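Fold and contact review
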Amino acid sequence: MRYAFILGHNPKLSVAEIKAVLTDLKSVLETDSFLIIENNEIDCGQILRRLGGTVKVGIIIADRIDKDIIIKSLLQEDRGNKINFGVSYYKSKVKSQKSKVDLRFGLEIKRLLRKRGVSSRLVTSREPVLSSVVITKNKCQEYMILDDLWLAKTCAVQEFEEYSRRDFGRPVRDVLSGTMPPKLAKIMINLAQVPLEAKILDPFCGSGTVLQEAILLGYKNVIGCDISEKAIKDAQNNLHWLITNYQLLITNYKIFQCNVERIGDSIQQVTIDAIVTEPYLGPALRGGESEKQLQQIIDELSKLYLAAFGEFGKVLKPGGKVVIIFPRFVYKKEILKIKILNKIEELGFGRVLCGETLPGRDIEELVYSRPGQRVEREVAIFIKT
């Protein structure tokens, strides 16, 4: 069967996550907007709940754009007295997306349904693409037209309310020290590609976002630590809230205060399968920093990262993964980065992408960012050799 995955704002990262979760898929077409795959039958809702970087999942129902196919599909739906439906248009290149909403196709479907005695409502928005919010709140069956070539029926949309609840609704959200979006945390956990019995460590756990998403994904052995006493209390409060509000069974998680440079001493007789973390990314920027000032920040962060990897090697099992955020500083039209890959390799780590070791090759950068950000996040994956 063929499925369409509508990708998030960072498509390369979204695709990497999909391929990490659906290891047997056959990629049919990869674009800036969507990924079409061939796979055995999947539960679209279940897969979308697992993924953090995918907006929608649909099944390809035709290799042509045909009103009759949509009508036949809608008539098979049991939606009561009135059918709510909508049409979204996706282009492979985001810049070529339609800028104006064309309602003629949808209105013609509505007319043909009325001719059959079927009452319907065409759900629209100001954009050519219906958002997850519009689809959910209007209880709408969406059909997606992909590059004017493929017709897909939407089976699941991202649970925006749940992500908002876990981000803004939990007891503590420390904006001053930096907040990791739950979607990004989930993506990183999936990129680690470890079984649910694996031991996952976040040594810069902050208010506990990675731990939270790992627990919700079903991981049984989750460990978090941080140098900040406040962060530990925040993480404990947030996880208590999570377990209570989501009515989860008691999970074997542990949180304690620890400097990353002493992890090897603090975690004894425990072998870690994967480290998933976002370290300190530097002080908040005002926007007027000079290149010299940014380079000073990079130099300080380089020391922190190298010290962390030195300790990671002590607690991580051979073949264990590190999925970690590296900051990218935007300076004018340049990107300034931490350049310590050779030193990390000397510490016994090789950089990989979704389980594939890439020695001597350029690695496609997986960046999580939004326009206008002064500091972008690059997701890097390493394996202990």
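Shown above is the structure to which this text applies.
A brief report on the enclosed structure follows. Everything quoted here is computed from the prediction, not taken from an experiment.

Attention now goes to the overall build of the chain. What the chain contains, in helices and strands, is 12 helices and 18 strands. For 385 residues, the compact-globule estimate of 2.2 N^0.38 gives 21 Å, and the C-alpha radius of gyration of the chain, at 23 Å, lies within 12% of that figure. The principal-axis extents of the C-alpha atoms in the chain amount to approximately 75 × 50 × 40 Å. Every one of the 385 residues in the chain was classed for burial, and the buried ones make up 54%. Considering only intrachain contacts with a sequence separation of at least 6, the fraction spanning at least 24 residues in the chain is 77%.

Turning our eyes to something else, we now look at the pairing of strand β8 (residues 150-157). Side chains on a regular strand alternate between the two faces of the sheet. Within β8, seven of the eight residues are buried, which leaves it mostly tucked inside the rest of the structure. Here strand β4 (residues 54-62) runs beside β8; their pairing, made up of six bridges, is antiparallel. Of the residues in β8, the one forming a bridge with G58 is T154. What sits between strand β7 (residues 141-146) and β8 in their antiparallel hairpin is a turn of three residues, with D147 showing a positive phi close to 55°.

Membership of the largest hydrophobic core comes to 75 residues, with the highest contact counts inside it found for L191, F312 and F326. With 10 residues, helix α11 (residues 291-315) is the single largest residue contributor to this core. Judged by nonpolar contacts, the second largest core, of 18 residues, contains F5, V21, L35 and I59.

Turning our eyes to something else, we now look at the packing of helix α1 (residues 11-21) against helix α7 (residues 182-192). Interaxial distance between α1 and α7 falls to 8 Å at its minimum, and their mutual angle equals 45°. In terms of orientation, α1 lies oblique with respect to α7. Our pair here, α1 against α7, has a crossing hand that is left-handed. Residues L13, A16, E17, A20 and V21 of α1 form the contact with α7, whose participating residues are L184, K186, I187, N190 and L191. Residues of the contact of α1 with α7, tallied by class, amount to seven nonpolar, one polar and two charged.

Interaxial distance between helix α6 (residues 160-168) and α7 falls to 9 Å at its minimum, and their mutual angle equals 100°. With respect to each other, α6 and α7 are oriented roughly perpendicular. Only P182, K183 and K186 of α7 make contact with α6, whose side of the interface consists of Y163, R166 and D167.

Here the focus is the environment of L151. Mapped onto the elements of the fold, L151 is located in strand β8. You can call L151 buried: its relative accessible area is 0%. Remark: the alpha-carbon pair of L151 and G58, spanning 93 residues in sequence, is separated by 9.5 Å. The residues touching L151, leaving out its near neighbours within four places in the chain, are I59, I60, I61, A62, R64, I65, D66, I69, I70, Y143, M144 and I145.

This paragraph deals with the pattern of salt bridges. Tallied over the full model, the rule gives 22 salt bridges. The salt bridge partner of E30 is K19, with a shortest N-O separation of 3.4 Å. You can see E30 sitting in strand β2 (residues 26-30) and its partner K19 sitting in helix α1, a full 11 residues away along the chain. Here K19 falls in the partly exposed class, since its relative accessible area comes to 34%. Between R262 and D265 there is a salt bridge; the shortest N-O distance is 3.0 Å. Note on R262: relative accessible area 49%, which makes it partly exposed. By relative accessible area, D265 is classed as partly exposed at 43%. A single network of salt bridges, built from pairs that share partners, joins R328, K337, E365 and E376.

Right, let's get into α7. Since the α-helix turns once every 3.6 residues, residues separated by three or four places project in the same direction. Judged by how many residues are buried, α7 sits mostly within the fold: 10 of 11 residues are covered. Taken residue by residue, α7 has P182, L184, A185, K186, I187, M188, I189, N190, L191 and A192 as its buried positions. In the stretch just after α7, Q193 is the one whose phi turns positive, near 55°.

Now for the environment of Q373. Here Q373 lies in the loop between β17 (366-368) and β18 (375-384). Considered as a pair, Q373 and I338 are 35 residues apart in the sequence and their alpha carbons are 17 Å apart.

Let's shift gears to a nonpolar patch on the surface. Judged by side-chain polarity, V101, L103 and L107 come together as a nonpolar surface patch covering roughly 220 Å² of accessible area. Residue position: L107 is located in helix α4 (residues 104-115).

Calculation criteria
- Residues numbered from 1 in each chain as written.
- Predicted model: local features only at pLDDT ≥ 70, side-chain atom pairs only at ≥ 80, totals over all residues.
- Heavy atoms only, no water.
- Helix = DSSP H or I, 4+ residues; strand = E, 2+ residues; numbered from the N terminus.
- Rg over C-alpha atoms; globule rule 2.2 N^0.38 Å.
- Buried < 20%, exposed > 50% of the residue type's maximum accessible area, 1.4 Å probe, protein only.
- Contact = heavy atoms within 4.5 Å.
- Pairing = 2+ DSSP bridges.
- Core = buried A, V, L, I, M, F, W, Y, C linked by side-chain atoms within 4.5 Å.
- Axes fitted to C-alpha atoms, helices over the stretch in contact; angles between N-to-C directions.
- Parallel < 35°, antiparallel > 145°, perpendicular 65-115°, else oblique.
- Left-handed = near helix turned anticlockwise from the far one by under 90°.
- Nonpolar A, V, L, I, M, F, W, Y, C, P; charged D, E, K, R; others polar.
- Salt bridge = Lys/Arg side-chain N within 4 Å of Asp/Glu carboxyl O.
- Patch = residues over 30% accessible without salt bridge, like charges linked within 9 Å, V, L, I, M, F, W, Y side chains within 5 Å.
- Areas by Shrake-Rupley, 256 points an atom, 1.4 Å probe, with all protein chains shown as cover.

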